Amino acid sequence: MFSFAYVLLPASWKTESIGMGVIKLYGFHISPPVRTVQLTAKALGLDLEFHTVNVLNEEHLTDEFKKLNPQHTVPVINDDGFVVIDSHAIAIYLVSKYAPNSGLYPSDIKQQARINSILHFESGVLFPRLRWIGESLLEACEWADVPQERIDYALKSVELLEALLGDDPYMAGGHVTLADISCVTSFSSLEHMLKIERNNYPKVYAWYERMKQIDGFEEFVKKIVDQLDGVIQGVFESNKEKRSSGNLLN
């Protein structure tokens, strides 16, 4: 049996931030990939200087931001002049530079392979299916406007998450790694929006309960997810106004 004690990150995994340059994080607070970076930094004891890039207002499409990241995506970090894009690359970079002995991304190559495979699952399956829902919401006036096939496709990713967990308490074994941090940010948003039936995914929800114990969950997961309904409703209201004025296609 395992206990919640496993999710309390050892102090030896953290790094001393005194004397380091400022790490600037560019992102939007509700973005799961951005929150992955914030959770990683929290676990390592790193301070980040947050710069808001409001993607709903298309601030990521400005010429200034494109110079920083030609892909115009968030998150992006600037670590004393060194720019890194993509949450997975950023998380690995932060651990490798500031806490190379951290269990979040162990030096053992087999463990890294397990973690990397889950990171690719999150970036190639879990998050894209969440994003597909989000893209529909940006053009919707109510939840009924979101195509059911998109919802079903997103739910399939939760089935895969259930299978990937197997008999382990965490995504890549017996303790929290970057694989868990990356997956929990996307899953938390998906779970909140789709009101997933818990009984269908017992392993996923047991894992989710354990992840609620990690440093930063309340600040960077629960607090943000609780804001999603208001953000989505704001989008719906804006789209209703656009539709009534003829600026949004039916």
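The present account deals with the structure reproduced in this document. Along each chain, residue indices are assigned from 1 in the same order as the chain's sequence is written. Only residues with pLDDT of at least 70 are given local features in this predicted model, and only at 80 or more are side-chain atom pairs given and counted; all residues enter the totals for whole chains, interfaces and linings. In computing side-chain values, all of the structure's heavy atoms are included and hydrogens and water are not.

1. Quick word on the overall build of the protein chain
At step 1: In terms of helices and strands, the protein chain carries nine helices and four strands.
At step 2: The numbering of helices and of strands both runs from the N terminus, where a helix is a DSSP run of H or I of at least 4 residues and a strand a run of E of at least 2. Reading the helices (α) and strands (β) of the protein chain from amino to carboxyl end gives β-α-β-α-β-β-α-α-α-α-α-α-α.
At step 3: As defined in this context, the radius of gyration uses C-alpha atoms, and a globule is described by 2.2 Å times the residue total to the power 0.38. A compact globule built from 250 residues would reach a C-alpha radius of gyration of about 18 Å, and the protein chain, at 19 Å, matches this within 12%.
At step 4: For the protein chain, the C-alpha atoms occupy an extent of roughly 60 × 45 × 25 Å along the three principal directions.
At step 5: Residue exposure (1.4 Å probe, protein chains only): buried if accessible area is under 20% of the type maximum, exposed if over 50%, otherwise partly exposed. Expressed as a percentage of the 250 residues in the protein chain, the buried residues total 48%.
At step 6: The contact definition used throughout considers only heavy atoms, calling two residues in contact when any of these lie within 4.5 Å. Long-range pairs, those at least 24 residues apart, make up 71% of the contacts in the protein chain with a sequence separation of at least 6.

2. Describing the packing of aromatic side chains
Aromatic ring pairs: the centre-centre distance and the angle between the two ring planes describe each pair.
At step 1: Pairing of aromatic rings covers Phe, Tyr and Trp, the last through its six-membered ring, and needs centres within 6.5 Å; plane angles under 30 degrees mean stacked, over 60 mean edge-to-face, and all others mean tilted. Enumeration according to the criterion identifies seven aromatic pairs in this entry.
At step 2: With centroids separated by 5.1 Å and ring planes inclined at 85°, the aromatic side chains of Phe187 and Tyr208 adopt a geometry described as edge-to-face. Of this pair, Phe187 sits in helix α6 (residues 178-194) while Tyr208 sits in helix α7 (residues 202-211), and the two are 21 residues apart along the sequence. Accessibility assignment for this pair places Phe187 and Tyr208 in one class, buried.
At step 3: Relative to Tyr208, the ring of Tyr205 has its centre 6.4 Å away and its plane inclined at 80°; by these criteria the two rings are edge-to-face. Separated by three residues within a single helix, Tyr205 and Tyr208 lie in helix α7, roughly one turn from each other.
At step 4: Given a relative accessible area of 6%, Tyr208 falls into the buried group.
At step 5: Here, a charge over a ring means that NZ of Lys or CZ of Arg falls within 6 Å of the ring centre while also lying within 35 degrees of the ring normal. It is Arg129 that lies over the ring of Tyr153; its NZ or CZ is 3.8 Å from the centre.

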